[in-house]
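An overview of the molecular structure
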Amino acid sequence: MSNINFSKTGSLICELRKNRNLTQQQLASAIRVSKPAICQWEAGSGIKTEELYNLAKFFNITVSELVEGKLTNESNADFWKRNYDLSNYNFDEMIEEKNLDDLKILFEHCSMVKKEFYRLLPGWANDTLKPSEKEEFYFLKENYFSFDRNYWAYLKYGPHHIGFPKECDEREMICNISYFDLTKEEYDWELSKLYSFTFDIKSQQVCESRSLKALEYMLSIMHQVEKDALLMHNLKREEEKETSNGFSKHKYKSYRDVTNDEIEQIPFYKVMLNSGCNCMLTNNILGGDTFDEEDFEKVEGAVKSSTPKLNEDITKYGLFMNAGGKEEISALKYWKCYSYKEYQSFIDHNRTQFLRDLVNYKDSNPLKYYERLLKMDGDSLGK
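Cut-offs applied
Residues numbered from 1 in each chain as written. Predicted model: local features only at pLDDT ≥ 70, side-chain atom pairs only at ≥ 80, totals over all residues. Heavy atoms only, no water. Helix = DSSP H or I, 4+ residues; strand = E, 2+ residues; numbered from the N terminus. Contact = heavy atoms within 4.5 Å. Areas by Shrake-Rupley, 256 points an atom, 1.4 Å probe, with all protein chains shown as cover. Patch = residues over 30% accessible without salt bridge, like charges linked within 9 Å, V, L, I, M, F, W, Y side chains within 5 Å. Salt bridge = Lys/Arg side-chain N within 4 Å of Asp/Glu carboxyl O. Phe/Tyr/Trp six-rings, centres within 6.5 Å; stacked < 30°, edge-to-face > 60°. Buried < 20%, exposed > 50% of the residue type's maximum accessible area, 1.4 Å probe, protein only. Lys NZ or Arg CZ within 6 Å of the ring centre and 35° of its normal. Axes fitted to C-alpha atoms, helices over the stretch in contact; angles between N-to-C directions. Parallel < 35°, antiparallel > 145°, perpendicular 65-115°, else oblique. Left-handed = near helix turned anticlockwise from the far one by under 90°. Nonpolar A, V, L, I, M, F, W, Y, C, P; charged D, E, K, R; others polar. pLDDT = per-residue confidence, 0-100. Polar contact = N/O pair within 3.5 Å; in protein donor to acceptor, adjacent residues only side chain to side chain.

Further remarks concern the overall build of the chain. Scanning the chain from N- to C-terminus turns up 22 helices and 4 strands. Within the chain, contacts between residues at least 6 apart in sequence are counted, and of these 67% link residues at least 24 apart. Element-wise, carbon and sulfur atoms account for 48% of the exposed surface of the chain, whose accessible area totals about 20500 Å².

Turning our eyes to something else, we now look at a nonpolar patch on the surface. A cluster of nonpolar side chains, Tyr 179, Phe 180 and Leu 182, forms an exposed patch at the surface whose accessible area comes to about 380 Å². Here Tyr 179 shows up in helix H10 (residues 167-179).

Moving on, we come to the packing of aromatic side chains. Counting across every chain of the model gives 21 aromatic pairs. Judged by centre distance (5.0 Å) and plane angle (50°), the rings of Trp 80 and Phe 139 are tilted. Taken as a pair, Trp 80 in helix H6 (residues 76-84) and Phe 139 in helix H8 (residues 131-144) lie far apart in primary sequence, 59 residues in all. No difference in accessibility class separates Trp 80 from Phe 139, as the two residues are buried. Positioned over the ring face of Phe 58 is Arg 20, at 4.9 Å from the centre of the ring. Residue placement shows Lys 336 over the ring face of Tyr 151; its charged tip is 5.4 Å from the ring centre.

Attention now goes to the packing of H6 against H8. Look at H6 against H8: their axes get within 10 Å of each other, and the N-to-C directions meet at 20°. In terms of axis orientation, H6 runs roughly parallel to H8. Handedness of the H6/H8 crossing: right-handed. Each of Asn 76, Trp 80 and Tyr 84 in H6 lies in contact with H8, whose residues at this interface are Ser 132, Glu 135, Glu 136, Phe 139, Leu 140 and Tyr 144. When the residues that make up the contact of H6 with H8 are grouped by side-chain class, the tally is 5 nonpolar, 2 polar and 2 charged.

Taken N-terminus to C-terminus, the directions of helix H21 (residues 349-361) and helix H22 (residues 366-374) make an angle of 165°; their axes are 9 Å apart at the nearest point. The pairing of H21 with H22 is recorded here as roughly antiparallel in orientation. For the pair H21 and H22, the crossing hand works out as left-handed. Contact with H21, carried on its side by Gln 353, Phe 354, Asp 357, Leu 358 and Tyr 361, involves Pro 366, Lys 368, Tyr 369, Arg 372 and Leu 373 of H22 and no other residues of that element. Each residue belonging to the contact of H21 with H22 can be placed in one class, and the counts come to 6 nonpolar, 1 polar and 3 charged.

Moving on: helix H11 (residues 184-194). Within H11, 8 of the 11 residues are buried, which leaves it mostly tucked inside the rest of the structure. When we look at burial in H11, the residues that qualify are Glu 186, Tyr 187, Trp 189, Glu 190, Leu 191, Ser 192, Lys 193 and Leu 194.

Residues with a pLDDT of 70 or more make up 84% of the chain, whose mean pLDDT is 82. Counted against residues more than four places away or in other chains, residues 286-293, with its pLDDT under 50, gives 11 contacts. Confidence drops under pLDDT 50 across residues 295-327; counting only partners more than four residues distant or on other chains, this segment forms 100 contacts.

Here we take up the environment of Asp 348. Mapped onto the secondary structure, Asp 348 falls in the loop between helix H20 (340-345) and H21. A relative accessible area of 19% places Asp 348 in the buried class. When neighbours within four sequence positions are excluded, Asp 348 is seen to be in contact with Cys 279, Met 280 and Leu 281. There is a polar contact of 3.1 Å between the side chain of Asp 348 and the backbone nitrogen of Arg 351.

Structure, rendered in structure tokens:
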């Protein structure tokens, strides 16, 4: 059962435990496991078959109910509110080792919310949802998603227009996307241009925690563009330099590329690269096509990013810093103007693979590292 996503199972275990007024330690003692095991199970991982049987027996339910994460007598409304109401899992405390499991549970349920919303979206657009599904959809939409009316107006009427779409316009846009012969990745990409996830994913707290696990959990629910922007921000290092005109000295900020040695030595790069962050090509793209800054900001608003900025001193702090800033790489800055295939063509696959090999194999498996290195184009390897 290792390939099953036990997020809903973990949610049900937590609910059943709380309904009996048990602490995690009390449940652990009752079924003769450790408290960390209960924490891990409630976070949706590490559950083995024999443990499912023990839990089912203890709570007097079936194994099938545990695996599905839903009790036979539980209403659909209670089920989706338990799993998709993020207020059940949200927290505003400082992220520490002791509450990393709670953070993982929150991000697992954020992922569930996003997947469920996009699953229901086509049915809503075509008015084929059951009443219970429609109630669930509106709960998700109103609480966690925002329709990009400016992008809609740009597609509908062109630049320099302000849009005030009605619900029927949203439905029409989704149905129009469905008419094209798109892969699942392409379809999800187009939908993500229309809807943004508005829930606070605690990026500031993750940055301040300096926790690699917290970073890994956050990356698991970030949009691909956000992940790529995060890596690209952190592949630059800000430095203070000094210049003189012969009479006075002036200090100014300069940026340089982070070296491969730094990438190898700073642990968060390995987390980012193994979580699917990509290096992007920085040269002009689509034959030198560019987008007018003023026109684009009328579509998208001031160009923003929810990804953390690079550090003022990356070696001093050892991790990413505050959220905000913008990325000058066209593929990241204007990603909504590109198709999924076009965006994929802007990824520097050679450089990305080299860096992944660097952080994963150079020390642990140097033979494999150098074998893979020899197969690569030397120009793509950087400094």
